[in-house]
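# Coordinate inspection notes
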Amino acid sequence: MGGWAGLVSMVTVSTISAACLRPAMALAPAPAPAPSLGWAPSLHSPESSNDQIQTGSLKRILLKKRKTLAYQFSVGGRLSTWPAYASGQAILQNQKPCCSPKGRSKKLASLTIAKPRYLEELESYLRKELQSLDLTKENAQELKLQPYREIFEFFIEDFKTYKPLLSAIKNEYEVTLAHLRERIRSLEPLKAMLVCVSDECTRQIVALQEEEKAEIMTLKKEKLRLLKLIDKMKDEKGSLQTQVNMLRKNMAKEYMHYINEYDARKLLLADLNEMRNQQLEMSLRQVQDVKGEDLFKVTLALKIARQDLTKAQVELNMMKADYGDVVPRRDFESQEKKYSDLFEKMEVLQKDFDDFQKKYDTLLEIHQETVEERDCFYNELQQVQRSSTPRPDWAKCAEVISGGPERWSYLEEGKTSDQLVDVLLEEIGTGVLKEKDSFPGLGKGDKVPVYLRYEGQVKNKKLNKKDVVNILKEIWKEKVSADLQKGKQSSLPEFFLNYLQKRYGDASAFEWAYTIYENIKLYRSNEAMSLFYDILSGKVDEGIYHSQNQLISNLLKELMASDSSNSGTLMTEQFNLALRAACPLKSNNQIQELIDASRYKAQSTEDFIDYRSLFMEDEEGNAEPFIVKIRSQYASEKQEYLRELRNELGHMPEVQVDNLKTAFGAIDPAIDDLTLDAYICLAFQASKEQWDQSGSLPVDTVVERLLAGDTKRIGPLPEEIYTSLSEPGKAEAYNYC
């Protein structure tokens, strides 16, 4: 109906102008009226019979009303020449504010002309018809459209000259509406089909999850069984090792016993041989001395000597048989020493091999990830090259920005195209914000923040950046002091409103609240305003503000401690050592970035750095590049930390409390229990007592909540811990930021 109303107003003005200029043409006979399609919705509708009956009845009713109203509203077939700019709310709203005083006076003079009777009766009829409708029915919009159809039909009947064109326009609108109704009817079965398919997919997903749960339980039981088997085998190995040690000791004792026996037998044989030689010598002497001795005695002595020789020979053979394979002790000990040395070397080489194998596997995984990232970046580069637009000429902005080229060169220094767009939006928004005298109140609903719950117009205090930044600093100062007194952290939105009410009174508190809110929402490039807006709107946690301030404060203290002369400057080497002492978790590249950012100041040189000037802020709260780099590294370190957490969780769609604990312990072994509990409470939005009822959450939800809070690495990477412990003197060198 919006198109019909615009067309009617256009035709009205044209017809009235023609009637004023050429009154003779108004009495000319009009061409035959074109047949009206009336209520015909569509020739292809499935309910064409019912629609035709309804169309016929409506046509008859409309024809009667048309004849009656045409007779009542028209006066002798002539229309009034009431001007289009006369009295009436719609016409007054459309007049231009920039018209000349002379033209405005002419129009004000014409406002006293009365509205035509035909127009008043049409408006009266439209109001009555609309009031008589029951708008609670489902087809309330179609019922509401009917009076406008009738008015348009009356209008067409009275304008004979434009009747064919207006009838064609109306019929085309009716055909289009009928076609859209038919399209809606045809899409309803598809909607039901979509609901059925969605339910079926949900059931299949639930079934797959149940199957996976059963398989996981089976694997867990198998894992426990294997762990018990491993423990049992370890116990058996320990007992067998004990037995081996005992057997080695017994074997050593037996070996010593056999060595002693062997030495004793050697001594005994030597004694026997000596005694036999002595006996032979004595017998020979006796034979020589007593030549006439009895031959029988000599024979008997010879026989006894031969028997002794046989016994000695038997014993000698037995000794050779028993100790023929025995190794000398000195050879055994030397071989045992060589074996021990070779075994120790083999263990060291095996350990080195295992370490190299692990490093090789790690490097292989990193290589695969790097290849995937390279392919992804290459695809993105190709896509950007195909779809990117030429870089805009930002120098043109210097001609329209207040302050000229000098201010624009200051604003665009070191900023990307995206950041320059934000700067332009801020400049445009600043002008719009200064022109506003008031803001519309958002009401007192529950969804409206407590500091914006106001009805009516709120006065604009028209503050500049400097005033807003000073107020925000005072708010943070008062809030930190109040939280320390209470012993707990209060809500920033409530404290924000209470502070403004306490300082400016209840009447002006909402004026200041709306003004500050609009300013911090506009100036996104200002770090102080942007962070306050994110915390106030609940996008990030308040701990991020306190953590960044604590990091900057600790760094300043470390630099001041390194400045023994209290001159405010440090040598580059001293500055480097102070940075590494304050933040040992930062890499060499990050430390070098901070050193490069510290040399932006004119007072800093290659050898000396004026560290005190690095912590200064301008009147609008903008920090130096050194502090900006620290905050950007804080954000990038958090994103890298959470990326490692996501990789550790793997492809799990949902995560539980135990899974999150295990993942944190794997990527950050030095994390303490208190910090771990705080991270888990932040991720699941529940206290420690409610963890059992928390269930599982999607991985994306957990990562988003951790990203909004003060999440950071507590200790070094596992590889760095191994390296530091392997080097003496570095195990206690970590003092985490």
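Scope of this entry: the structure provided in the associated data block. (Residues numbered from 1 in each chain as written. Predicted model: local features only at pLDDT ≥ 70, side-chain atom pairs only at ≥ 80, totals over all residues. Heavy atoms only, no water.)

## Some remarks on the overall build of the protein chain
Within the protein chain, the regular secondary structure consists of 23 helices and six strands. Going through the 737 residues of the protein chain one by one, you find that 26% of them count as buried. Counting contacts in the protein chain only where the partners sit at least 6 residues apart, residues at least 24 apart contribute 63% of the total. Just so you have it, the protein chain exposes about 51200 Å², and 57% of that area is on carbon and sulfur atoms. (Helix = DSSP H or I, 4+ residues; strand = E, 2+ residues; numbered from the N terminus. Buried < 20%, exposed > 50% of the residue type's maximum accessible area, 1.4 Å probe, protein only. Contact = heavy atoms within 4.5 Å. Areas by Shrake-Rupley, 256 points an atom, 1.4 Å probe, with all protein chains shown as cover.)

## Description of the environment of Asp437
Mapped onto the elements, Asp437 comes out in the loop between helix H12 (417-435) and strand S1 (438-440). Between the alpha carbons of Asp437 and Val458 there is a distance of 8.6 Å; along the sequence they are 21 residues apart. When near neighbours in sequence (up to four residues on either side) are disregarded, Asp437 contacts Val458, Lys459, Asn460 and Lys462. Of note is the side chain of Asp437, whose polar atom sits 3.0 Å from the side chain of Lys462. (Polar contact = N/O pair within 3.5 Å; in protein donor to acceptor, adjacent residues only side chain to side chain.)

## Points about unusual backbone geometry
We note that Lys462 has phi near 55°; this positive angle belongs to a residue other than glycine. Mapped onto the fold, Lys462 is located in the loop between strand S2 (457-459) and helix H13 (465-486). With phi around 55°, Asn566 is a residue other than glycine that occupies positive phi space. Tracing the sequence through the fold places Asn566 in the loop between helix H16 (543-562) and strand S3 (569-571).

## Details of the pattern of salt bridges
Scanning the entire structure with this criterion turns up 25 salt bridges. Members of the salt-bridge network, linked through shared partners, are Arg149, Glu153, Lys170 and Glu174. (Salt bridge = Lys/Arg side-chain N within 4 Å of Asp/Glu carboxyl O.)

## Focus on the environment of Met529
Residue placement: Met529 occurs in helix H15 (residues 527-536). Note on Met529: relative accessible area 0%, which makes it buried. Each C-alpha atom of the pair Met529 and Leu472 lies 7.9 Å from the other, and the pair is 57 residues apart in sequence. If near-sequence neighbours (up to four positions away) are discounted, Met529 is found in contact with Lys465, Val468, Val469, Leu472, Asn519, Ile520 and Tyr523.

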